[in-house]
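# Results of the structural survey
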Amino acid sequence: MIYAAIMGFGTIGSGVYEVLYGNRDRIKAACGQEIEVKYVLDLRDFPGSPAEDKVVHDFSVIVSDPEVRLVVETMGGLNPAYPFVKACLEAGKHVATSNKALVAAHGSELLRIAREKNVNFQFEGSVGGGIPIIRTIYRCLAGETISEITGVLNGTTNYILTKMSKEGSAFDAALKEAQRLGYAEQDPTADVEGHDTCRKIAILTALVTGKEIHYEDIHTEGITGITAEDHLYADKLGMAIRLLGSSRIEGDRVYAWVAPVMAGRDNPLHSVSGVYNGILIRSNMLGTSMYYGSGAGKLQTASAVVADMIEEASNPDTNVLAGWSADPQPIEPIGDLRRRFFLRLSGQCARDAGDPGICAGTAREYLGDCRVVTADGLDGEYGLLTEPMSESRFAEASAALARAAEAEGNRLIQTLRVEE
Ligand code: HSE
């Protein structure tokens, strides 16, 4: 028997309890002993819950109990999660967490303490919900040189984008539904502004490079500016709008970004819809591999946390995760990255006399030949799909085009990146 404590008995913490006892026999067989929850730490009481008698309100009870070997942190946020987790590791206890904010901000320090104390700090549930992506990278792909990770990494925003596109739902209504289903963060700003995706791609990139990624260095855009009209154009192009987190690793150079993109039909992430996450990895021997599953949710995330607990219970005296060091990995500016872009402009599009599918006039002057896109029911505006160009060239050209359009009494309504 190995004793555990769960800190934070909200959606994920109570899910961990449910998985541990729902699959008790299976888990016992997997780690050769029973995992018994001795304490549940929360500010609240839980009358009627099976964990009712285990609730404590004082963290010192857990950290000072030598019988507790495994600690689950599912409180979220940094305070008090960070000091509590640090104290548990320093006390020689293994920790499993689903808290990506904690891992992205303090991962290298907590991994170092775990190594020094010969315990484990594991965080499978922090990225991709129930998808086993962390263990896949550090164990299954350990012999691969990874050059790219790109993923739909946030269930809430993918749920919102899918609802808007398929059912014509309003942004706010779709977000409320995602909150009701337990997908969203306590403060959903982290989801919709892309911060959650940013932390997740930072964690995956740190695992690949073995160095600390400052997530603040990653160019990050969210989905709050995406409208129903954008989805109409995406539909027309056979594309889907997805919030992607991506990193490209070229030797010492690492590019990373988070932004909503129009994903083409041939892009494997095009078909990742609803609360599902998909993570595409390119590596030198295996080539392209893709990992898909539930990206958020109570039992889905809890399942990943329990997998960490099983690994820790199976290796009570060994540090198994290499993780990353405190050496900082610089992130390159994204200006050199090349791709197509999509734009929406108000007014009527001037078209090429020989090929009316191609723009002419002011748009061509700044952006070169672009395909003209129209969407049913949207009069008084049009869309343009550019040829591939660098981010920095597009930023300059679209800003100049916006000024020129304004001088003609029109405006640049939207710009989106395209991933074919
Ligand atoms: N809010 C997160 C999401 C939870 O929607 O993906 C899982 O990390």
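As the structure is a computational prediction, the values presented were derived from the model and not from experiment.

## A word on the site of the ligand
Near the ligand you find Lys100, Asn154, Gly155, Thr156, Tyr183, Ala184, Glu185, Asp191, Asp196, Lys200, Gly295 and Ala296, and these make up its full shell. Within the side chain of Glu185, one N or O atom sits 2.6 Å away from a nitrogen atom of the ligand. Isolated, the ligand exposes 250 Å² of accessible area, and the fraction of that covered by the protein chains is 94%. Counting only elements with at least two residues in the shell around the ligand, the list comes to α7 (155–167) and α10 (195–209).

## What about the sheet that holds strand β5 (residues 94–97)?
Spatially, six strands are ordered β3-β2-β1-β4-β5-β6 in an open sheet, and the strand pairing comes out parallel. Strand pairing shows two members of the sheet lacking a second neighbour, β3 (55–56) and β6 (121–122), which therefore form its edges. With four bridges joining them, strand β4 (residues 68–73) and β5 adopt parallel strand pairing. In the strand pairing of β5, Leu70 is matched with His94. Together, β1 (2–7), β2 (35–41), β4, β5 and β6 form the strand contacts of helix α12 (residues 298–314), whose direction differs from that of β5 by roughly 165°.

## Side note on the packing of aromatic side chains
What the rule picks out here adds up to ten aromatic pairs. Seen in terms of ring centroids, Phe9 and Tyr17 are 5.9 Å apart; in terms of plane orientation they differ by 85°. Their pairing is edge-to-face. Among the residues examined, Phe9 registers a relative accessible area of 8% and is labelled buried. Ring plane angle 0° and centroid distance 3.9 Å describe the contact between Phe341 and Phe394, whose orientation is recorded as stacked. Of this pair, Phe341 sits in strand β13 (residues 338–346) while Phe394 sits in helix α14 (residues 391–407), and the two are 53 residues apart along the sequence. A single burial state applies to Phe341 and to Phe394, both of which are buried. Stacked on the ring of Tyr3, the Lys or Arg Lys38 has its end atom at 5.5 Å from the ring centre. Cation over ring: Arg339 sits above Trp257, and NZ or CZ is 4.7 Å from the ring centre.

## Some thoughts on the pairing of strand β9 (residues 240–250)
Within β9, nine of the eleven residues are buried, which leaves the element mostly enclosed by the surrounding structure. Two elements, strand β7 (residues 146–152) and β9, share five bridges in a ladder whose sense is antiparallel. In the sheet register, Ile149 faces β9, and the bridge partner there is Ser247. Pairing of β9 with strand β10 (residues 253–263) involves eleven bridges; the strand directions are antiparallel. The partner of Ile249 across the bridge, within β10, is Val254. Between the antiparallel neighbours β9 and β10 lie two residues, among them Gly251 with a positive phi of about 65°.

## Comments concerning unusual backbone geometry
Of note, the bond from Asn79 into Pro80 is cis; its omega dihedral lies within 30 degrees of zero at 10°. Looking at the secondary structure, you find Pro80 in the loop between β4 and α4 (81–90). In this structure, Asn118 takes a positive phi of about 60° despite not being glycine. Along the chain, Asn118 falls in the loop between α5 (100–117) and β6. Judged by its relative accessible area of 37%, Asn118 falls in the partly exposed class.

What counts as what
Residues numbered from 1 in each chain as written. Predicted model: local features only at pLDDT ≥ 70, side-chain atom pairs only at ≥ 80, totals over all residues. Heavy atoms only, no water. Near = heavy atom within 4 Å. Polar contact = N/O pair within 3.5 Å; in protein donor to acceptor, adjacent residues only side chain to side chain. Areas by Shrake-Rupley, 256 points an atom, 1.4 Å probe, with all protein chains shown as cover. Helix = DSSP H or I, 4+ residues; strand = E, 2+ residues; numbered from the N terminus. Pairing = 2+ DSSP bridges. Contact = heavy atoms within 4.5 Å. Axes fitted to C-alpha atoms, helices over the stretch in contact; angles between N-to-C directions. Phe/Tyr/Trp six-rings, centres within 6.5 Å; stacked < 30°, edge-to-face > 60°. Buried < 20%, exposed > 50% of the residue type's maximum accessible area, 1.4 Å probe, protein only. Lys NZ or Arg CZ within 6 Å of the ring centre and 35° of its normal.

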